[in-house]
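Observations on chain architecture
The primary structure of each chain is shown beneath.
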Amino acid sequence: MVRAYRGAFADALQYLVLAVWALVVLFPLYWLVTTSFKPPLAVSQGPRFIPWVDFRPTLEAWRDLLVGPQSSAVRRALGNSAAVSLWSTVVVLVLGAAAAYGLARFSVRVGPARNADVLTWMVSQRMMPPIVAALGLFVLLRKVGLLDTRLGLVIVYAAFNLPLAVWLLHGFFQQVPVYLEEAAMVDGATRLQALVRVVLPLTVPGFVANFLFVFMLTWNEFLFPLILTFDRAQTLPILIAMQHSQRGVEWWSLSAMSIITLLPTVVITVLLNRFLVLRLLMGAGK
Amino acid sequence: MRTGRVARTATGPGSEAGSATPAPPRVVRLGLRGRAPGAGGGTLVLPAALLLLAVSIFPFLFTVALAFSRVSLIGGLSIDFGTVYNWARLLNDPRHWNAVRVTFTLVVCAALLQYAIGMVLALILNNLRLRGVHAFRVLFIVPMALTPIAIGYMWRMMFHETYGAINGLLRFIGLPGLPWTSDGRLALASIVIVDVWHWTPFMVLMLLAGLQNLPAEVLEAARVDGATGWSGFWKVTFPMMLPTSLAALLLRAIEAAKLVDEIYIITGGGPGVATENLTLYAYYTGLRSFDLAYGATLAISLLVGVMVVVSVLLQLTRRLREVQLW
């Protein structure tokens, strides 16, 4: 009897901890959303928490951003972010899948280095703090005239997200059984045909998941665009960062801008969770 | 006598037409573990490798070269290689050592806090086989995915002394508000708090995966032997989780050393230089003051630090592996 009570108590306690953490996660986001609907007075009169009770929600900030004077800057930053993220992710996946497939299915040799070494070399690039390469890149891109351009950003993003993509895709390809391709080739297909007709259909979910994941990573980049762009190729994170020094701190406006920036990442998280990727990571063997 | 004819007719019209017997099946030599020898693999890997070399390795080497040079931006860019002046300056620069201290403190505090909280959450998530836990999962993962600048700005608002939510809540329950971003030590704590909020999900994911991979028989045996609850965790679960724990800590430490987005927007490195880590200092030096050579030196200093930490943790893992016989 006491045992059962203890069990229930322990369970309740664990739920409580989860609930507390959920609150901790949600509250800042709640604050961000409500602030974007606050009129300026509601901000400067001290913290207001509940809409319609503490303050009168208004669409002023959103209107300002989407159709008002700031909208051209927002649209440009949004366009830059979207285009750069899209293209760099495409490059990452194409090059990364090729490299991953090559390392998973072929024997690669560069002098004494074998497959495992090449893979380790690629993955170890992640250990390098971006600032180290960024300073060199600043000088080099300046020489080539790619500073403050979308193309420059695409190339840089692609190079720095490649290691992770190769690692993920390599593990992925290794899980696709070789005998499927072997069977296809015995039946007369060339290696390329085997790849396209047999392997690719199986890997589509994985590719989509990787695409979303890398897209999200490039969307969130800050240091590189900070160093390598000035105003033409400005991305959303930079727009947010620059705002706070120019117009004073207009919280409602910056909150709305932040929400615009965060929306794709939240959507991608939900989508990825639907895909097996996250479930596998969290062990949904239940 | 009759077999020959039967055999011939059995092969059908094909042999009658004079064509050869069907070709033998193509021998597909995929090599050991399914790997084919030959240049195919190299060609596939080449573009990726070239991109990495050109855009990642080469600029890195260039930065290293910059650290050993003197750069002048007056009248165009001129670089003068072959001096250790920057390094002498680095060793005597108190702001550099402050940045090292800040980086180190941030990494250690953030990683350990995330580990502790992450472990608690992972244990709970692993333990509760009840419904509703699925909803928690998506929620827990969201902070990890959010744009760091937006997270930084969000917390900057929350930490504001007069208008911020945190002080608002504190005052609501009767406590005085705290100078989150204007006091040196509190500012560092604020950054740690933000990093913990941001990255604990990562720890939860890794530790949960590790927990779910623990051999059930060993855990059962331990439970039968009476090792449950607190002591069970420390004597059985925790030691078995050491490789995963170290891997997670290693990954997190590497990332925490690079932290810059949130610091930039919450404190800008201040007050003074209380929250200025190496990345931020290198950025300010290299691209605000345009002292590229010294900025490069600072960046390399960070890289050296990261590599030291990585090798220490790897050594630790190796040593533990020998002792534990994994």
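Quantities reported herein were computed from a predicted structural model and do not represent experimental measurements. (Residues numbered from 1 in each chain as written. Chains lettered and ligands numbered in written order. Predicted model: local features only at pLDDT ≥ 70, side-chain atom pairs only at ≥ 80, totals over all residues. Heavy atoms only, no water.)

**A closer look at the overall build of chain B**
- Scanning chain B from N- to C-terminus turns up 15 helices and two strands.
- Each of the 326 residues in chain B was classed as buried or not, and the buried ones make up 47%.
- When the accessible area of chain B is evaluated, it comes to approximately 16200 Å², of which 67% is carbon and sulfur surface. (Helix = DSSP H or I, 4+ residues; strand = E, 2+ residues; numbered from the N terminus. Buried < 20%, exposed > 50% of the residue type's maximum accessible area, 1.4 Å probe, protein only. Areas by Shrake-Rupley, 256 points an atom, 1.4 Å probe, with all protein chains shown as cover.)

**Side note on the interface of chain A and chain B**
- Across the boundary between the two partners, chain A contributes 99 residues, which contact 95 residues of chain B.
- Counting each side, the surface lost to burial between chain A and chain B is near 8700 Å², with a carbon and sulfur contribution of 78%.
- There are one salt bridge connecting chain A and chain B.
- Scanning the region where chain A abuts chain B turns up eight residue pairs in polar contact (both at pLDDT 80 or more).
- If one sorts the elements of the side of chain A that touches chain B by residue count, helix α1 (residues 2-35) of chain A sits on top with 17 residues.
- When grouped by side-chain class, the residues that make up the side of chain A that touches chain B number 71 nonpolar, 20 polar and eight charged. (Contact = heavy atoms within 4.5 Å. Buried area = accessible area lost by both parts, 1.4 Å probe. Salt bridge = Lys/Arg side-chain N within 4 Å of Asp/Glu carboxyl O. Polar contact = N/O pair within 3.5 Å; in protein donor to acceptor, adjacent residues only side chain to side chain. Nonpolar A, V, L, I, M, F, W, Y, C, P; charged D, E, K, R; others polar.)

**Description of the packing of aromatic side chains**
- Summed over all chains, the structure comprises 21 aromatic pairs over all chains.
- Ring geometry for F215 of chain A against W219 of chain A: centres 5.9 Å apart, planes inclined by 25 degrees, an arrangement best described as stacked. Of this pair, F215 of chain A and W219 of chain A both sit in helix α9 (residues 191-219), four residues apart, which is roughly one turn of the helix.
- The exposure class assigned to W219 of chain A is buried, which follows from its relative accessible area of 5%.
- Ring centres 5.7 Å apart and planes at 45 degrees place the aromatic pair Y283 of chain B and Y284 of chain B in the tilted group.
- Judged by its relative accessible area of 15%, Y284 of chain B is buried.
- Members of the aromatic cluster, each reached through a chain of ring pairs, are Y101, F106, F172, F173 and F207 of chain A.
- Of note, K38 of chain A hangs over the ring of W31 of chain A, and the distance from its end group to the ring centre comes to 3.8 Å. (Phe/Tyr/Trp six-rings, centres within 6.5 Å; stacked < 30°, edge-to-face > 60°. Lys NZ or Arg CZ within 6 Å of the ring centre and 35° of its normal.)

**With respect to helix α7 (residues 150-175) of chain A**
- A rise of 1.5 Å per residue sets the reference length of α7 of chain A, with its 26 residues, at 38 Å; its end C-alpha atoms lie 36 Å apart and thus fit the reference within 8%.
- At L162 of chain A, α7 of chain A shows its largest kink, close to 45 degrees, and the proline P163 of chain A lies no more than four residues downstream. (Expected span 1.5 Å × (residues − 1). Bend = angle between axes of the 7 residues up to and from the residue.)

**Some remarks on empty space enclosed by the protein**
Residue and element names in this part refer to chain A.
- Applying the stated criterion across every chain yields a total of one cavity of 30 Å³ or more.
- Here the largest cavity defines a volume of roughly 30 Å³.
- Listing elements by their share of the lining of the largest cavity, those giving two or more residues are α1 and α2 (40-44). (1 Å grid on protein atoms, 1.4 Å probe; cavity = no way out; pocket = protein on both sides within 12 Å on 5 of 7 lines; lining within 4 Å. Points joined across faces, edges and corners; volume = space filled by probe spheres on them.)

**With respect to the environment of M257 of chain A**
Residues and elements named next belong to chain A.
- Inspection of the secondary structure puts M257 in helix α12 (residues 251-274).
- Taking relative accessible area as the criterion, M257 reaches 0% and is therefore assigned buried.
- Linking M257 and V33, residues 224 residues apart in sequence, is a C-alpha distance of 10 Å.
- Excluding its chain neighbours within four sequence positions, the residues that come into contact with M257 are L65, Q70, L239, I240 and Q243.

**So, the pattern of salt bridges**
All names here are of chain B.
- Enumeration according to the criterion identifies six salt bridges over all chains in this entry.
- The salt bridge partner of R89 is D291, with a shortest N-O separation of 2.9 Å. Placement of R89 in helix α4 (residues 85-91) and of D291 in the loop between α14 (278-288) and α15 (292-324) is noted, with a sequence separation of 202 residues between them.
- Exposure remark for D291: the relative accessible area of 24% places this residue in the partly exposed category.
- Linking D195 and R252 is a salt bridge whose minimum nitrogen-to-oxygen distance equals 3.0 Å. Of this pair, D195 sits in helix α9 (residues 184-212) while R252 sits in helix α12 (residues 242-257); the two residues are 57 residues apart in sequence, bridging distant segments of the chain.

**Considerations on the packing of helix α6 (residues 130-144) of chain A against helix α3 (residues 40-67) of chain B**
- Direction vectors running N to C along α6 of chain A and α3 of chain B enclose 90 degrees, while the axes themselves pass 7 Å from each other. Relative to α3 of chain B, α6 of chain A is oriented roughly perpendicular. Packed against α6 of chain A, whose contacting residues are V132, A133, L135, G136, L137, V139 and L140 of chain A, the element α3 of chain B presents V55, S56, F58, P59, F60, F62, T63 and L66 of chain B at the interface. (Axes fitted to C-alpha atoms, helices over the stretch in contact; angles between N-to-C directions. Parallel < 35°, antiparallel > 145°, perpendicular 65-115°, else oblique.)

**Side note on unusual backbone geometry**
- A positive phi angle, close to 60 degrees, is found at D148 of chain A, a residue other than glycine.
- Among the structural elements, D148 of chain A can be located in the loop between α6 and α7.
- Residue F290 of chain B is not a glycine yet carries a positive backbone phi of 55 degrees.

**Observations regarding the packing of α9 of chain B against α12 of chain B**
All names here are of chain B.
- Put simply, α9 and α12 touch, their axes get as near as 10 Å, and they point 155 degrees apart. As judged from the angle between their axes, α9 and α12 are roughly antiparallel. Read as a crossing pair, α9 and α12 show a hand that is right-handed. Across the interface between the two elements, D195, W199, F202, M203, M206, L207 and G210 from α9 touch T244, S245, A248, L249, L251, R252 and A256 from α12.
- Considering only residue class, the contact of α9 with α12 consists of nine nonpolar, three polar and two charged. (Left-handed = near helix turned anticlockwise from the far one by under 90°.)

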